[in-house]
Amino acid sequence: MPGPPRLLWLLLAVAFPGVPGAQPWAPEAVGEEEEEAPRTPGPPVLCDYDRCRHLQVPCRELQSAGPTACLCPGLSSPARPPWPPRLGAVHVAAEAGSAEVRWCAPSSPVHRYWLLLWEGGGPPRKSGPFNATVRRAELKGLKPGGAYVVCVVAANAAGESSAPGPGPGGQAPEGSAGAGGPALGPCGRVVVPPRPLSLVHAAVGVGAALALLSCGALAWHFWLRERCGCPRRPRRPRRPRAANPEGTGPPRSPRRAN
Ligand SMILES: *[C@@H]1O[C@H](CO)[C@@H](O)[C@H](O)[C@H]1NC(C)=O
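Residues numbered from 1 in each chain as written. Predicted model: local features only at pLDDT ≥ 70, side-chain atom pairs only at ≥ 80, totals over all residues. Heavy atoms only, no water.

Per an unreviewed UniProt entry, the recorded name for the protein is Fibronectin type-III domain-containing protein, and the organism is Cnephaeus nilssonii.

This is the structure we're talking about:
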């Protein structure tokens, strides 16, 4: 029968060049693919970078340190001074005379930050410097009832970001920032309420004074009554009650009910 041998030969012919031929080359082909795998990662992922997070390592360092490649937000040229950082929440602790200031990094290379604090006129007080990972700092020595303007400044090798301070437009830099600049400015107001303890003291004092005055008035009143024998009482003898005038209903109504 010609059928079975031909089929066997066909099977062998298909299998024979395939199996011995492929085996020596297969490991090399797989090896090439494995070498290329790290160079072409799948979908690009953003680095775990938050420009407002305190102690945030710069994104470039995350990129070089991480096991997998990730994407960083674009930065302005290191040959130019940084954009102004964006001032965030300011939490005032009136009792301690301090305030915690937070900010967000600009889209620029930054080497360090510092804060400027204006009180009324005159030159600002300068704090810091803080390194590039820092996003919050404490202002100390604030007076109760005081009003201040605080600005956060970023600096790199090319210079420092602008901080308008309390001047005209200093606290409303929206619109003055160009494309890519911060949506809100680097400056803000810090208003310290009067010391709560002094308010409590004042309230207690006023209350005590009012209580003393009332007691004094009462004592004086009773003392007068005792001494003069209550001069008003004899002037009010019980006179016979006059007949009810017309129209006064309530005294008559019980009689009508009977
Ligand atoms: C930056 O400053 C913070 C707070 O002072 C500190 O904890 C951190 O170690 C500093 N980082 C570097 C890289 O110097």
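From this point, the discussion proceeds with the structure in view.
Section: the overall build of the protein
Within the protein, the secondary structure is distributed over four helices and nine strands. Shown N-terminal to C-terminal, the secondary structure of the protein runs as helices and strands in the order α-α-β-β-β-β-β-β-β-β-β-α-α. For the protein, with 258 residues in total, the buried portion stands at 22%. Pairs at least 24 residues apart make up 64% of the contacts formed inside the protein by residues separated by at least 6 positions. Accessible surface, the protein as shown: approximately 18,300 Å² in total, 62% of it carbon and sulfur. (Helix = DSSP H or I, 4+ residues; strand = E, 2+ residues; numbered from the N terminus. Buried < 20%, exposed > 50% of the residue type's maximum accessible area, 1.4 Å probe, protein only. Contact = heavy atoms within 4.5 Å. Areas by Shrake-Rupley, 256 points an atom, 1.4 Å probe, with all protein chains shown as cover.)

Topic: the state of the cysteines
Overall, the coordinates contain four disulfides when judged by the stated rule. Between the sulfur of Cys47 and that of Cys70 lies a disulfide, 2.0 Å long from S to S. On the sign convention where negative means left-handed, the S-S torsion of about 90° between Cys47 and Cys70 marks this disulfide as right-handed. A residue pair is termed long-range when its members are at least 10 positions apart, and Cys47 in the loop between helix H1 (3-36) and helix H2 (59-65) and Cys70 in the loop between H2 and strand S1 (86-93) qualify at 23 residues. Put simply, Cys59 and Cys72 are joined by a disulfide, and their sulfur atoms are 2.0 Å apart. (Disulfide = S-S within 2.5 Å.)

Examining unusual backbone geometry
The amide bond that connects Gly128 to the next residue, Pro129, takes the cis arrangement and shows omega of 5°. When you line up the elements, Pro129 lands in the loop between strand S4 (125-126) and strand S5 (130-131). One non-glycine residue, Leu55, lies in the positive phi region at around 60°. When you line up the elements, Leu55 lands in the loop between H1 and H2. For Leu55, a relative accessible area of 54% translates into the label exposed.

A word on the packing of aromatic side chains
All told, the structure shown has two aromatic pairs when counted by the stated rule. Relative to Tyr113, the ring of Trp103 has its centre 5.5 Å away and its plane inclined at 55°; by these criteria the two rings are tilted. Taken together, the residues span a long stretch of sequence, with Trp103 in strand S2 (residues 98-104) and Tyr113 in strand S3 (residues 112-119) at a distance of ten residues. On the basis of relative accessible area, Trp103 is assigned to the buried category, the value being 1%. Between Trp103 and Phe130, the aromatic rings sit 6.0 Å apart at their centres with planes inclined by 40°, giving tilted as the arrangement. With Trp103 in strand S2 and Phe130 in strand S5, this pair connects stretches of sequence that are 27 residues apart. Each member of the pair, Trp103 as well as Phe130, is classed as buried. Linked through ring pairs, Trp103, Tyr113 and Phe130 together constitute an aromatic cluster. (Phe/Tyr/Trp six-rings, centres within 6.5 Å; stacked < 30°, edge-to-face > 60°.)

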